[in-house]
Amino acid sequence: MPLRSAGHRCRPALTALTAAATAAVLALTAAPPAAAADTWTEAGSDRADPLTESQGLTSVEVPAGSPNRYTGIGTIPLGVSTRGWNHVGDPDASYDGHYVEPYQRDSGGAKMFRVKAPEGTWSEYVHALGSGEALNNSWVAISPDGQWMLSGEWGTMTRLLVFPTPGVNPATSPSANLPQAATVRLDHAVRDVQGCDFVTATRLLCSSDDPEGSLFGLTKPLLQIDLSAAPNGTADVTGHVTALRQLPLRSGCSGSFEAEGIDYDRRTGTLRVIVVSPGFCVLTDSKTYRFTRG
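These figures come from a predicted structure and were not determined experimentally. (Residues numbered from 1 in each chain as written. Predicted model: local features only at pLDDT ≥ 70, side-chain atom pairs only at ≥ 80, totals over all residues. Heavy atoms only, no water.)

Things to note about unusual backbone geometry
For step 1, the next point in the chain: With an omega dihedral of 0°, the bond running from valine 62 to proline 63 counts as a cis peptide bond.
For step 2, the next point in the chain: With respect to the helices, strands and loops of the structure, proline 63 is situated in the loop between strand 2 (56-58) and strand 3 (69-71).
For step 3, the next point in the chain: Even without being a glycine, lysine 220 presents a positive backbone phi close to 45°.
For step 4, the next point in the chain: According to the relative accessible area criterion, lysine 220 is buried, its value standing at 8%. (Helix = DSSP H or I, 4+ residues; strand = E, 2+ residues; numbered from the N terminus. Buried < 20%, exposed > 50% of the residue type's maximum accessible area, 1.4 Å probe, protein only.)

Set out below in C-alpha cells:
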C-alpha cells in the first residue's frame, strides 16, 4: 500500500526527530532561564535646562543628602574647555561617592575622565584610544562594586568598553594612561547609545538616540542589556540586548528629538532619562522623564 509504505519509510526519520526533540527539551531544562525583560512605566517629568541639564545626569549617594548632578555645555569648567575638552557626556557615581564625567574633544587620540572624590578634590584621567576605537565619549556606567567602569562609542556598535574605575580602582593613576581592561560583546547591534546605568551587577539600562529604528523596530529605544557575568576586568563578557520601549517624544515643536543621559537610583527604584526637544522647543519643553518598574 502506498500510504503504508510511505509511513514505513518515515518511521526512522520520525524516530530521529523525536530523539532530537527530547534532547532539545532536556537541554532547555538544564540551561539557566533567560533573563526576563523589565517593564518601565512613565511616572512624571521635569523640565531639563538646555545649558546645564541636556547631556547627562546621575544620583549621588555620598555624602548623604547630595543633590542629583547634571551635565551640559554650561557645566564644563572654563579651564577644561580651553584645553579642547568641549563635550561632556552622561556621568555616573560610585556608591562610595566618586563622581565621574566623560569628556571628548574634536580631534586627537584620547578621551578624558574627570573625577571628583567624596572629599571634593578633582582629578583627570586620560585614555589613549586603542586601535579602531571611536573618539566619542558619550557616557560612563560604574559597576556596583565600584571597581569597573563601562563606556560606549557612537554609531552602530556591537561592544561596550570596560575600564578600571578612575580614582576608585587602585590600578589607576592620573599620571598614567587609563587602559581598556576588557570588552562587553553584545549579541545585537546598538546605535547611538547616549547613556547606560547599572540596575544590578549584571543588568544595564541604556538610552539610545537611534534615529532610524531599523535595529529594533522603533526609534529612540530604552534598552536592557543583561551580562553573562559581572565585569571584572580580566575577561570579556557577553551582553544580551532587549529593546523595552520607545522613550517619550512629546513637544510643542515637530522635528528630531535627542535621547540623552540615563540614571537609575537604587534607593528609590526610579529611572530617569533626558529627552531634548526639537527646534526652538529645546529651550521650553525638553524633559527629564521619570519611570518606575512595573
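Comments concerning the sheet that holds strand 14 (residues 203-208)
For step 1, the next point in the chain: The strand order across the open sheet formed by 8 strands is 9-10-11-12-16-15-14-13, and the pairing between neighbours is mixed. Edge strands, defined here as strands with exactly one partner in the open sheet, are strand 9 (140-142) and strand 13 (193-200). Neighbour to neighbour, the strand axes of the sheet diverge by 25° on average, direction disregarded.
For step 2, the next point in the chain: Sheet topology places strand 14 next to strand 15 (residues 221-227); 5 bridges connect them, and they run antiparallel. Residue pairing for strand 15: arginine 203 is matched across the bridge by aspartate 226. (Pairing = 2+ DSSP bridges. Axes fitted to C-alpha atoms, helices over the stretch in contact; angles between N-to-C directions.)

Here we look at the confidence of the model for the protein
For step 1, the next point in the chain: Mean pLDDT over the protein works out to 90, with 88% of the residues at or above the 70 mark.
For step 2, the next point in the chain: Below a pLDDT of 50 lies the segment residues 1-33, which in the model reaches 0 contacts outside its immediate sequence neighbourhood of four places, other chains included. (pLDDT = per-residue confidence, 0-100. Contact = heavy atoms within 4.5 Å.)

What about the sheet that holds strand 17 (residues 258-265)?
For step 1, the next point in the chain: Spatial ordering of the open sheet is given by 1-19-18-17, a layout of 4 strands whose pairing is antiparallel. Looking at strand neighbours, the two that pair on one side only are strand 1 (40-47) and strand 17, the edges of this open sheet. Neighbouring strand axes in the sheet, compared pairwise and without regard to direction, differ in orientation by 25° on average.
For step 2, the next point in the chain: Where strand 1 meets strand 19 (residues 287-293), 7 bridges bridge the pair, whose relative direction is antiparallel. Paired with aspartate 46 across the strands is threonine 288, a residue of strand 19.

Side note on the state of the cysteines
For step 1, the next point in the chain: Going through the model one piece at a time under the given rule, you end up with 2 disulfides.
For step 2, the next point in the chain: The partner cysteine of cysteine 196 in its disulfide is cysteine 206, sulfur to sulfur 2.0 Å. Between cysteine 196 and cysteine 206, the S-S dihedral sits near 110°, and the bridge is therefore right-handed. Placement of cysteine 196 in strand 13 and of cysteine 206 in strand 14 is noted, with a sequence separation of 10 residues between them. Of the two residues, cysteine 196 and cysteine 206, both sit in the buried class.
For step 3, the next point in the chain: A disulfide bridge connects cysteine 253 with cysteine 281, and the sulfur atoms are separated by 2.0 Å. Between cysteine 253 and cysteine 281, the disulfide has an S-S torsion of 70° and is therefore right-handed. In this pair, cysteine 253 sits in the loop between strand 16 (237-246) and strand 17 while cysteine 281 sits in the loop between strand 18 (270-276) and strand 19, placing the two residues 28 residues apart along the sequence.
For step 4, the next point in the chain: Residue classification places cysteine 281 among the buried positions, given a relative accessible area of 7%. (Disulfide = S-S within 2.5 Å.)

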